[in-house]
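Residue-level listing of the chains:
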Amino acid sequence: TALSPCQQEEADTRMFLHLKHASEEGHRKAYIRTVDTDVVILALYHFPRLGLSHLWIGFGTGKTYNKTFPFTTYTHNWVLNAVKRFFSFTHTQD
């Protein structure tokens, strides 16, 4: 397949390789479930490059599994701008 051999060792980054492959096969919507905040940050970075129209991220486990974050082009741009503003506001010069 197009994914073999896979050189990605970390599951956090490997799932985005699989999402990109799914997009190349014609899928436009995807859902991933994680307990790791790194995956949410990676999704924010990789979403525009994946070729998906929608990406939902289910976050948590057991009784704490109650958050689903939708990513679309609009929400991605909104969140990315908010993160940029937050860092520009909190960044201080040494």
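Structure shown above.
Residues numbered from 1 in each chain as written. Predicted model: local features only at pLDDT ≥ 70, side-chain atom pairs only at ≥ 80, totals over all residues. Heavy atoms only, no water.

Please clarify how the sheet that holds strand 2 (residues 54-59) should be interpreted in this entry.
Spatially, 3 strands are ordered 1-2-3 in an open sheet, and the strand pairing comes out mixed. Either end of the sheet is taken by a strand with one partner, and the two such strands are strand 1 (29-34) and strand 3 (67-71). For this sheet, the mean inter-axis angle between neighbouring strands, taken without regard to orientation, is 15°. Bridge count between strand 2 and strand 3: 5 bridges; the pairing is antiparallel. For I57, the partnering residue across the bridge sits in strand 3 and is F69. Contacts from helix 2 (residues 37-50) reach strand 1, strand 2 and strand 3 within the one sheet, and its direction differs from that of strand 2 by about 175°. (Pairing = 2+ DSSP bridges. Helix = DSSP H or I, 4+ residues; strand = E, 2+ residues; numbered from the N terminus. Axes fitted to C-alpha atoms, helices over the stretch in contact; angles between N-to-C directions. Contact = heavy atoms within 4.5 Å.)

Mind showing me how you'd approach the layout of surface pockets here?
If you roll a probe as big as a water molecule over the atoms, it shows you where there is empty space left. Of the volumes computed, that of the largest pocket is approximately 170 Å³. V40, I41, L44, F69, P70, F71, T75, H76, V79 and V83 together form the lining of the largest pocket. Of all the elements in the fold, those that place two or more residues in the lining of the largest pocket are helix 2, strand 3 and helix 3 (73-90). It is helix 3 that contributes the most residues to the lining of the largest pocket, 4 residues altogether. Its residues placed into classes, the lining of the largest pocket shows 8 nonpolar, 2 polar and no charged. (1 Å grid on protein atoms, 1.4 Å probe; cavity = no way out; pocket = protein on both sides within 12 Å on 5 of 7 lines; lining within 4 Å. Points joined across faces, edges and corners; volume = space filled by probe spheres on them. Nonpolar A, V, L, I, M, F, W, Y, C, P; charged D, E, K, R; others polar.)

Where do I start with the packing of helix 1 (residues 11-24) against helix 2 in this structure?
Packed helix pairs are specified by the crossing angle of their axes together with the interaxial distance, meaning the distance between the axes. Contact pair helix 1 / helix 2: the axes reach a minimum separation of 10 Å and the direction vectors enclose 25°. As summarised for this structure, helix 1 and helix 2 are arranged roughly parallel, according to the angle between their axes. Seen from above, helix 1 lies across helix 2 with right-handed handedness. Residues D12, T13, M15, F16, L19, K20 and S23 of helix 1 form the contact with helix 2, whose own contacting residues are D38, V39, L42, A43, H46, R49 and L50. (Parallel < 35°, antiparallel > 145°, perpendicular 65-115°, else oblique. Left-handed = near helix turned anticlockwise from the far one by under 90°.)

I'm lost on the pairing of strand 1 in this one. Help?
Looking down a regular strand, the side chains alternate between one sheet face and the other. Taking every second residue as pointing to the same face, the buried face of strand 1 carries A30, I32 and T34, while none of K29, Y31 and R33 on the other face is buried. Across 6 bridges, strand 1 lies against strand 2 in parallel orientation. Note on strand 2: the bridge partner recorded for I32 is I57. (Buried < 20%, exposed > 50% of the residue type's maximum accessible area, 1.4 Å probe, protein only.)

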